[in-house]
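Below, each chain spelled out in residue letters.
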Amino acid sequence: MSLWQLLKVGGFTMYVLLSCSVFSLAIILERFIYYRKRSRVPRTDFMARVREALEKGNVKKALDVCLDTNAPFSSVVYSGLSLYGHNELVISNTMEREVTVETTRLERLTSIVGTIGSTAVYIGLFGTVLGIIRAFHDISKSSSGGISVVINGISEALVCTAAGLCVAVPAVIAYNF
């Protein structure tokens, strides 16, 4: 069967699953690009450059290193260094807030992928139930309730379950990753 035939056979739920799949894949791709871009700098190299600047007493240079580095940890270090000379508690609280901000940025939209992953199976199951109801209706309408009527209706119904699994499995894997 072609994709178009599968969509027609599965009915409305297949369109819902298709839109969930496209939405989920778009978020997964966006997050992959974002993480890739933000994780190119090794922490050891970054910290070595910051330490070198601080050992020379050049806080401005260390702040510049933080600004030049596009990584979550650089903004945390920057928030701490920008309060150089303040109370340790103030610096610690500021850095903890920045960790929370960066964590929120890193987790952006991932809950949608998790939700799609956990509900796609049920959407597929819903489509299967509707397909089985349709198959029983077709059997009752036809005077001959032969095996071909039953098998055709059930096979059409199971398309939704398969589609639900195909949407859910990558979404759950990506969410957990």
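Shown above is the structure to which this text applies.
Only a predicted model underlies this, so the values are computations on that prediction, with no experimental measurement involved.

Cut-offs and rules
- Residues numbered from 1 in each chain as written.
- Predicted model: local features only at pLDDT ≥ 70, side-chain atom pairs only at ≥ 80, totals over all residues.
- Heavy atoms only, no water.
- Salt bridge = Lys/Arg side-chain N within 4 Å of Asp/Glu carboxyl O.
- Buried < 20%, exposed > 50% of the residue type's maximum accessible area, 1.4 Å probe, protein only.
- Helix = DSSP H or I, 4+ residues; strand = E, 2+ residues; numbered from the N terminus.
- Axes fitted to C-alpha atoms, helices over the stretch in contact; angles between N-to-C directions.
- Parallel < 35°, antiparallel > 145°, perpendicular 65-115°, else oblique.
- Contact = heavy atoms within 4.5 Å.
- Nonpolar A, V, L, I, M, F, W, Y, C, P; charged D, E, K, R; others polar.
- Expected span 1.5 Å × (residues − 1).

**Q** Describe in detail the pattern of salt bridges, supporting the description with residues and values.
**A** Overall, the coordinates contain 6 salt bridges when judged by the stated rule. Two residues, K56 and E52, come together in a salt bridge whose shortest N-O distance is 3.7 Å. Since its relative accessible area comes to 45%, E52 is described here as partly exposed. Its salt-bridge partner being K60, residue D64 comes within 3.3 Å of it at the nearest N-O pair. Taken together, the residues span about one helical turn, with D64 and K60 both in helix α4 (residues 59-68) at a distance of 4 residues. Classification of D64 by relative accessible area gives partly exposed; the value is 28%. Taking the relative accessible area as the measure of exposure, K60 reaches 57% and is therefore exposed. Among the charged side chains, a network of salt bridges with common partners joins E30, R31 and R108.

**Q** Describe unusual backbone geometry, with residues and values.
**A** If a residue is not glycine, its phi is most likely negative; likewise, a peptide bond is most likely trans. Positive phi outside glycine occurs at L109, with the angle close to 70 degrees. Locating L109 in the fold gives a position in the loop between α6 (88-106) and α7 (110-141). Residue classification places L109 among the partly exposed positions, given a relative accessible area of 28%.

**Q** Report on the packing of helix α2 (residues 12-38) against α6, specifying residues and quantitative values.
**A** Two elements in contact, α2 and α6, have axes separated by 11 Å at closest approach and are oriented at 140 degrees. Here α2 is positioned oblique relative to α6, judged by the angle of their axes. Across the interface between the two elements, R31, Y34, Y35 and R38 from α2 touch E102, R105 and L106 from α6. For the contact of α2 with α6, the class distribution of residues is 3 nonpolar, no polar and 4 charged.

**Q** Mind laying out α2, listing which residues take part and the relevant values?
**A** Between its first and last C-alpha, α2 extends 39 Å over 27 residues, near the 39 Å set by a 1.5 Å rise per residue. When α2 is considered as a whole, its buried residues turn out to be T13, M14, L17, C20, S21, S24, I27, R31, Y34 and R38.

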